[in-house]
Amino acid sequence: MSYRSASTGGAVVEANPLVTESLGDSIRALDPLVLSLLVLAIVGLVLGGWWVFRWFRRPPGARLQRVLGNHDEVAVLMHPNPDPDAMSCAMGIAAIAESVGTDASLQFSGEIRHQENRAFRTVLDLDLESIDASSQLSEGPVVLVDHNTPRGFTGAQTVEPIAVVDHHPGNGAGTKFTDVRTDYGAASTIIVEYLKDIGATMADEDDSAGFQVSPELATGLLYGIQSDTNHLTNGCSRAEFDACAALFSGIDEDLLDRIANPQVSDDVLQVKATAITEKRVEGPFAVCDVGEVGNVDAIPQAADELMHLEGVTAVVVYGEHEGTLHLSGRSRDDRVHMGETLRHAISDIPMASAGGHARMGGGQLSVDHMKGIGPSDGISRAEFEERLFSAMSGER
């Protein structure tokens, strides 16, 4: 005998009573303890799947906030010689950590020398700590901002961050959280989106019960975005404009003006003057060796200055400081990916490093290694300049 049962679409499925009865007998024959464990396992799988689904459906800002909330203290580590984008990201991470009762220490290696960067730190009254070795990192796990691989201090290779927030290319990752968006013009933009994710509002808005963004943080994030995108003209995505619009009502215009218009030191002006007067131009490309410099942050400023030259679409400025050549490149030429250009130019020089984005790049190399120390024949500065021109032309 067969029994008919209704199903969707008008189809008819015949159920075999012998099979149904056999299945029922098998279930009844199970040991009650085994049956209980089976039921618990099924329930566990369902709940686990639901939790995983909910976790990955959470916006990134909420997930990072949860990761930070699992610790009493974290060290927020910026890249060496941090710029406004890195410092504002660290400010944002610290604010999110504070919202869940976690203390954050803001740390970096190197120095803060660029007048704009010094003004940013001073005007916003940032408590930043310089380190030389991994042993000086604060207690608790590390969060990397505006870079995805620890560098610039002794023992950096041993540091395993729990979280990474960045917009630069690279393979670095956090053990608990990773958010690297190479299509964004600034890492600060990502932080602004995190603040939206967790329901933060500007301090002047009528929501005193929630997490409020201070005028200092709003101003810092806005300036971080502007500085990394050359005032929203270079390497921007739609997200940068949306982030600036979101921050606008919360900024302090006086603080912003003081950061944006710091006094310029004499050595910076001298390096800029050297770049302008001693530049070498071939077609749409310019290269300049500004010689020995006391402030390496003057080199990228000189590169920015040369980009104002009519007819020039890509520039590289380099100078020497304590036995190291520091390179800075800029490009508005679709044919010249500046990060790749610098990487190709130094590719066979031992211990040299370079990289960056399409519009902006930088690098360092030892003068001694360039002259031939190590497994290479060495090159002169004149030959190095030829390499730079060849790399910009796509011939290297």
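The name an unreviewed UniProt entry gives the chain is NanoRNase/pAp phosphatase, hydrolyzes c-di-AMP and oligoRNAs, with Natrinema salaciae as the organism.

Engineer: Can you help me understand the overall build of the chain in this one?
Structural biologist: When its secondary structure is counted, the chain shows 14 helices and 16 strands. Within the chain, buried positions represent 45% of all 396 residues. Long-range pairs, those at least 24 residues apart, make up 60% of the contacts in the chain with a sequence separation of at least 6. Carbon and sulfur atoms make up 51% of the accessible area of the chain, which amounts to about 20000 Å² in all.

Engineer: How should I be thinking about the packing of helix α4 (residues 84-98) against helix α7 (residues 215-228) in this particular structure?
Structural biologist: For any two helices packed against each other, the geometry comes down to the angle between their axes and how far apart the axes lie. Remark: α4 packs on α7, axes separated minimally by 8 Å, with the N-to-C direction vectors making an angle of 145°. Note that α4 runs across α7; the crossing there is left-handed. For the pair α4 and α7, the contacting residues are P84, D85, S88, M91, G92 and A95 in the first and E216, L217, G220, L221, Y223, G224, S227 and D228 in the second. Here the residues of the contact of α4 with α7 sort into 6 nonpolar, 5 polar and 3 charged.

Engineer: Is there a simple way to think about the sheet that holds strand β13 (residues 314-321) in this case?
Structural biologist: Pairing between the strands of a sheet is mediated by backbone hydrogen bonds and can be parallel or antiparallel. With mixed pairing, 6 strands are arranged side by side in an open sheet as β11-β12-β13-β14-β16-β15. Only two strands of the sheet have a single partner each, and these edge strands are β11 (280-282) and β15 (353-356). The average undirected angle you get between the axes of adjacent strands in this sheet is 15°. The pairing of strand β14 (residues 324-331) with strand β16 (residues 360-366) spans 7 bridges and is classified as antiparallel.

Engineer: Is there a simple way to think about the state of the cysteines in this case?
Structural biologist: Put plainly, a disulfide is one covalent bond tying together the sulfur atoms of two cysteines. Throughout the structure, instances matching the rule amount to 0 disulfides. Unpaired in terms of disulfides, C236 finds its nearest cysteine sulfur in C244, a separation of 7.9 Å. On the accessibility criterion, C236 (28% relative accessible area) is partly exposed.

Engineer: Could you clarify how one ought to interpret unusual backbone geometry in this entry?
Structural biologist: Excluding glycine, a negative phi dihedral is what most residues carry, and trans is how most peptide bonds are arranged. Positioned with a positive phi, D125 is a non-glycine residue whose angle comes to about 55°. Looking at the element boundaries, D125 is found in the loop between α5 (115-123) and β5 (128-131). Classification of D125 as exposed rests on a relative accessible area of 67%.

Engineer: What is the right way to look at helix α14 (residues 381-393) in this model?
Structural biologist: For the α-helix, the turn length of 3.6 residues means that residues three or four positions removed from each other point alike. Relative to the 18 Å expected for 13 residues at 1.5 Å per residue, α14 spans 18 Å between its end C-alpha atoms, a close match to the ideal helical length. Burial in α14 covers these residues: F384, E385, R387, L388, F389, A391 and M392. Two residues or fewer past α14, G394 is found with a positive phi of approximately 80°.

Engineer: It is not clear to me how the pattern of salt bridges should be interpreted in this structure. Could you clarify?
Structural biologist: Note on pairing: side chains with opposite charge can pair once their charged atoms come close. Overall, the coordinates contain 17 salt bridges when judged by the stated rule. Where R258 meets D254, a salt bridge forms, and the shortest distance between an N and an O atom there is 3.8 Å. Highlighted residues: R258 and D254, both in helix α9 (residues 253-260), separated by 4 residues, approximately one helical turn. D254 sits in the partly exposed class, given a relative accessible area of 47%. The residue E305 makes a salt bridge to K272 at a minimum N-O spacing of 3.6 Å. In this pair, E305 is assigned in helix α11 (residues 298-306) and K272 in helix α10 (residues 266-278), connecting sequence segments 33 residues apart. Given the relative accessible area of 29%, E305 is considered partly exposed. Assessed through its relative accessible area of 17%, K272 is described here as buried. Each of the salt bridges in this network shares a partner with another, and the network as a whole consists of R280, E282, E385 and E386.

Engineer: Mind showing me how you'd approach the sheet that holds strand β6 (residues 142-145) here?
Structural biologist: Taken together, 6 strands build an open sheet; the order of strands is β5-β4-β3-β6-β7-β8 and the sheet is parallel. The open sheet has two free edges, formed respectively by β5 and β8 (177-180), since each of these has just one partner strand. Averaged over neighbouring strand pairs, the angle between their axes works out to 25° when direction is ignored. Across 5 bridges, the pairing between strand β3 (residues 73-77) and strand β4 (residues 103-109) is parallel. In the strand pairing of β4, V74 is matched with A104.

Rules of the game
Residues numbered from 1 in each chain as written. Predicted model: local features only at pLDDT ≥ 70, side-chain atom pairs only at ≥ 80, totals over all residues. Heavy atoms only, no water. Helix = DSSP H or I, 4+ residues; strand = E, 2+ residues; numbered from the N terminus. Buried < 20%, exposed > 50% of the residue type's maximum accessible area, 1.4 Å probe, protein only. Contact = heavy atoms within 4.5 Å. Areas by Shrake-Rupley, 256 points an atom, 1.4 Å probe, with all protein chains shown as cover. Axes fitted to C-alpha atoms, helices over the stretch in contact; angles between N-to-C directions. Left-handed = near helix turned anticlockwise from the far one by under 90°. Nonpolar A, V, L, I, M, F, W, Y, C, P; charged D, E, K, R; others polar. Pairing = 2+ DSSP bridges. Disulfide = S-S within 2.5 Å. Expected span 1.5 Å × (residues − 1). Salt bridge = Lys/Arg side-chain N within 4 Å of Asp/Glu carboxyl O.

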